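Chains, contacts and geometry: an overview
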Amino acid sequence: MELFAHLADGFATSLSPLNLFIVILGVTAGLFIGAMPGLGSVNGVAIVLPMTFIVPPSSAIILLCAIYYGAMYGGAISSILLGIPGASTAVATTFDGRPMAQQGKAGLALIVAATASFVGGTISVILFTLFAAPLADVALAFGPAEEFALVLLAFTTFVGLGGDDVLKTIIMICLGLALSTVGLDLISGQPRLIFFDQPGFYSGISFLVLAIGIYGVGEILYTIETSKSAPSVTPARLTFRDLWYGIKEVNKLWRTLSFGSFLGFFVGMLPAAGATPAALMSYGLSKLMSKKPETFGKGAIEGVASPETANNAASTGSLLPMLTLGIPGSPTTALLLGGMVMWGLVPGPMLFIEQPDFVWGLISSLYTANLAAVLVNLALIPLFVWALRMPFTVLCAIVLVLCIVGGFAPSQKMHDVWLIAGFGIVGYLMRKADYPMAPLVLALVLGPLMEKSFRQTLIAEQGNIVAFVERPLSGTFIAISVVFFLLPLLKYVKRSPRAQKVPNEPAE
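Residues numbered from 1 in each chain as written. Predicted model: local features only at pLDDT ≥ 70, side-chain atom pairs only at ≥ 80, totals over all residues. Heavy atoms only, no water.

Observations concerning the overall build of the protein chain
- Broken down by element type, the protein chain carries 22 helices and two strands.
- Expressed as a percentage of the 508 residues in the protein chain, the buried residues total 54%.
- Considering only contacts within the protein chain whose residues lie at least 6 apart along the sequence, 78% involve residues at least 24 apart.
- Taken as a whole, the protein chain presents about 22,500 Å² of accessible surface, with 69% of it coming from carbon and sulfur. (Helix = DSSP H or I, 4+ residues; strand = E, 2+ residues; numbered from the N terminus. Buried < 20%, exposed > 50% of the residue type's maximum accessible area, 1.4 Å probe, protein only. Contact = heavy atoms within 4.5 Å. Areas by Shrake-Rupley, 256 points an atom, 1.4 Å probe, with all protein chains shown as cover.)

Written as structure tokens, this is what we have:
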């Protein structure tokens, strides 16, 4: 009963006229920030953070969390409509969201993404409210060895469960891992792969630069070449009947949504993991559990719902270690942590005792922000769908401008703009050669985390590589990874006898 009393006090704070206005304003701004390629929750929170001193700390954290939630919703918009993920959290949404838009189902894809995000956010907030302390203990059990095994599992999921050529998938993962090592060494600080001592490479290759180049510029070049006539985007419409149909389709995916919510919340709690691994893992495992895995990558509704559920659940999960332990679970929560320190608040277990009004006001605001985000998102879907009606020549020019601005804005370096052009050409050539792009982006995003956890484990265990399989959790993840990696070989062996029998069958 004490829990409900605290929650009621929190709602009294979050539902005050000022805080309610702040929530609606924050999710609306976050929605457009997330929809812009090159921006994301990190940029949005960073831009607004200096302005939060004009309101009380409770209202300030509510505003920043509302922007965080809105940006997580908005990331799906550019992924679906333009095929360009606005942030790494929306990469997996591109795999099936963009094909749905190309099939004239952009409205349905946006409805599914918004509804799935709402489900993931709601379940994760309930979990946050009920199980904050026990789940924080579980997250503490994850050391570097478990993080490495978890990332390895994400890679082998693509190898074993992907419908693409296995060899090409492995090549793209290796290429992504190589690109992730560009810059300064994590341990020694020595420069590596800086290509003739170019200063721009010292800070590494940003995921955003690679994603915008491959999914933005590369896709435009390929579309222009493959279109025999002046390309046009299929007009999409959205009515209340479409909205109702989309919600009914999402209701059929309750298993996928439930699994993605729990997985996303748990992965989001892990320090330095965040929403991107959660979304990618949810996508891969949903494909494994699906009755029609061959539809993934071709416009499957599950392929949109599963990552959107997981990344929104992870965004809530990443707040848990920040509040209870003072350890940010994602780059955005690191900014929130910095804001709390500036406001004179000390994150940690004592925060729940010393500042209960602040903590429970924040928790209750997550409920209102989640509801406001889905309502604003659904209300603005006709505006986003309308964007598909413009001629392709105009849309193409707008996308190219967004690619250049989005790549230049975060770092303000022309080096990144040239990289976008280079990756655009590479993405175009690899698309023609039928190489999958998703494993490349996945490896670049997760490569630094994998290397850091691998080397930390070896340093702590004095070079004993057996330590990865000696720990129960990491050993289990590695065993599953081996099974996924060998799965294509088992399928090949299973098909071989059938292939040998086919020539001996009499022709009709």
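Points about helix H4 (residues 57-81)
- The end-to-end C-alpha separation of H4 is 37 Å, in line with the 36 Å expected for 25 residues at 1.5 Å each.
- Along its length, H4 reaches its greatest deviation from straightness, about 25°, at Met 72.
- Judged by how many residues are buried, H4 sits mostly within the fold: 24 of 25 residues are covered.
- Remark: Gly 83 follows H4 within two positions and exhibits a positive phi of approximately 75°. (Expected span 1.5 Å × (residues − 1). Bend = angle between axes of the 7 residues up to and from the residue.)

A word on the nonpolar core
- The biggest cluster of nonpolar side chains holds 135 residues, and the ones touching the most others in it are Ile 61, Tyr 215, Leu 336 and Met 340.
- If one sorts the elements of this core by residue count, H4 sits on top with 16 residues.
- Setting aside residues up to four positions removed in sequence, Ile 61 forms contacts with Leu 336, Met 340, Trp 343, Phe 358 and Leu 362. (Core = buried A, V, L, I, M, F, W, Y, C linked by side-chain atoms within 4.5 Å.)

Some thoughts on the packing of H4 against helix H13 (residues 301-317)
- The interhelical angle for the contact between H4 and H13, taken along N-to-C directions, is 165°, at an axis separation of 10 Å. Taken as axis vectors, H4 and H13 run roughly antiparallel relative to one another. You can see that H4 and H13 cross each other, and the crossing is right-handed. Of the residues in H13, those in contact with Tyr 68, Tyr 69, Met 72, Tyr 73 and Ala 76 of H4 are Glu 308, Asn 311, Asn 312, Ser 315 and Thr 316.
- A per-class count over the contact of H4 with H13 returns five nonpolar, four polar and one charged. (Axes fitted to C-alpha atoms, helices over the stretch in contact; angles between N-to-C directions. Parallel < 35°, antiparallel > 145°, perpendicular 65-115°, else oblique. Left-handed = near helix turned anticlockwise from the far one by under 90°. Nonpolar A, V, L, I, M, F, W, Y, C, P; charged D, E, K, R; others polar.)

Re the environment of Asn 377
- Note that Asn 377 resides in helix H17 (residues 356-386).
- The class of Asn 377 is buried, set by a relative accessible area of 4%.
- Separated by 304 residues in the primary sequence, Asn 377 and Tyr 73 place their C-alpha atoms 7.5 Å from one another.

Considering the side chain of Ser 365
- Among the structural elements, Ser 365 can be located in helix H17.
- A relative accessible area of 1% places Ser 365 in the buried class.
- When neighbours within four sequence positions are excluded, Ser 365 is seen to be in contact with Ser 14 and Ile 62.

Some thoughts on the packing of helix H2 (residues 17-35) against H4
- One way to put it is that H2 packs onto H4 with a least axis distance of 6 Å and a crossing angle of 35°. Handedness of the crossing formed by H2 with H4: right-handed. Every residue of H4 that contacts H2 at Leu 18, Asn 19, Ile 22, Val 23, Gly 26, Val 27, Gly 30, Leu 31, Ile 33, Gly 34 and Ala 35 is listed here: Ser 59, Ile 62, Leu 63, Ala 66, Ile 67, Gly 70, Ala 71, Tyr 73, Gly 74, Gly 75, Ile 77 and Ser 78.
- Residue classes in the contact of H2 with H4 are distributed as 14 nonpolar, nine polar and no charged.

Looking at the confidence of the model for the protein chain
- Here the protein chain averages 77 in pLDDT, while 81% of its residues score no lower than 70.
- Across residues 229-236 the pLDDT falls below 50, and counting only partners more than four positions away or on other chains, this stretch makes 13 contacts in the model. (pLDDT = per-residue confidence, 0-100.)

Some remarks on the pattern of salt bridges
- Within this structure, the stated rule accounts for five salt bridges.
- Here Arg 471 ties to Glu 146 by a salt bridge, and the two come within 2.6 Å at their closest N and O atoms. Remark: Glu 146 occurs in helix H7 (residues 144-161) and Arg 471 occurs in the loop between helix H21 (467-470) and helix H22 (472-501); sequence separation between them is 325 residues.
- The class of Arg 471 is partly exposed, set by a relative accessible area of 35%.
- Between Asp 185 and Arg 192 there is a salt bridge; the shortest N-O distance is 3.2 Å. Each member of the pair, Asp 185 as well as Arg 192, carries the same accessibility label: buried.
- In the salt-bridge network here, residues are joined through shared partners; they are Asp 185, Arg 192, Glu 451 and Arg 455. (Salt bridge = Lys/Arg side-chain N within 4 Å of Asp/Glu carboxyl O.)

Some remarks on the packing of aromatic side chains
- Under the counting rule described, the total for this entry stands at five aromatic pairs.
- Ring centres of Phe 148 and Phe 454 lie 5.2 Å apart, and the angle between their planes is 40°; on these two criteria the pair is classed as tilted. In this pair, Phe 148 sits in helix H7 while Phe 454 sits in helix H20 (residues 438-460), placing the two residues 306 residues apart along the sequence.
- Relative accessible area serves as the criterion here: at 26%, Phe 454 is assigned to the partly exposed category.
- Look at Phe 148 and Phe 468: their rings are 4.9 Å apart centre to centre, the planes differ by 50°, and that puts the pair in the tilted class. Residue Phe 148 is located in helix H7, and its partner Phe 468 is located in helix H21; the two are separated by 320 residues in the primary sequence.
- Look at Phe 148 and you get buried, because its relative accessible area is 12%.
- Each member of the aromatic cluster is reached from another via a ring pair, and the members are Phe 95, Tyr 283 and Phe 296. (Phe/Tyr/Trp six-rings, centres within 6.5 Å; stacked < 30°, edge-to-face > 60°.)

Focus on helix H5 (residues 91-102)
- For H5, built from 12 residues, the straight-helix expectation of 16 Å at 1.5 Å per residue is met to within 8% by its first-to-last C-alpha distance of 17 Å.
- Of all 12 residues making up H5, 11 are buried, and the element is well covered by its neighbours.
- Of the residues making up H5, those classed as buried are Val 91, Ala 92, Thr 93, Thr 94, Phe 95, Asp 96, Gly 97, Arg 98, Pro 99, Met 100 and Ala 101.
- One or two residues past the end of H5 sits Gly 104, with phi positive at roughly 85°.

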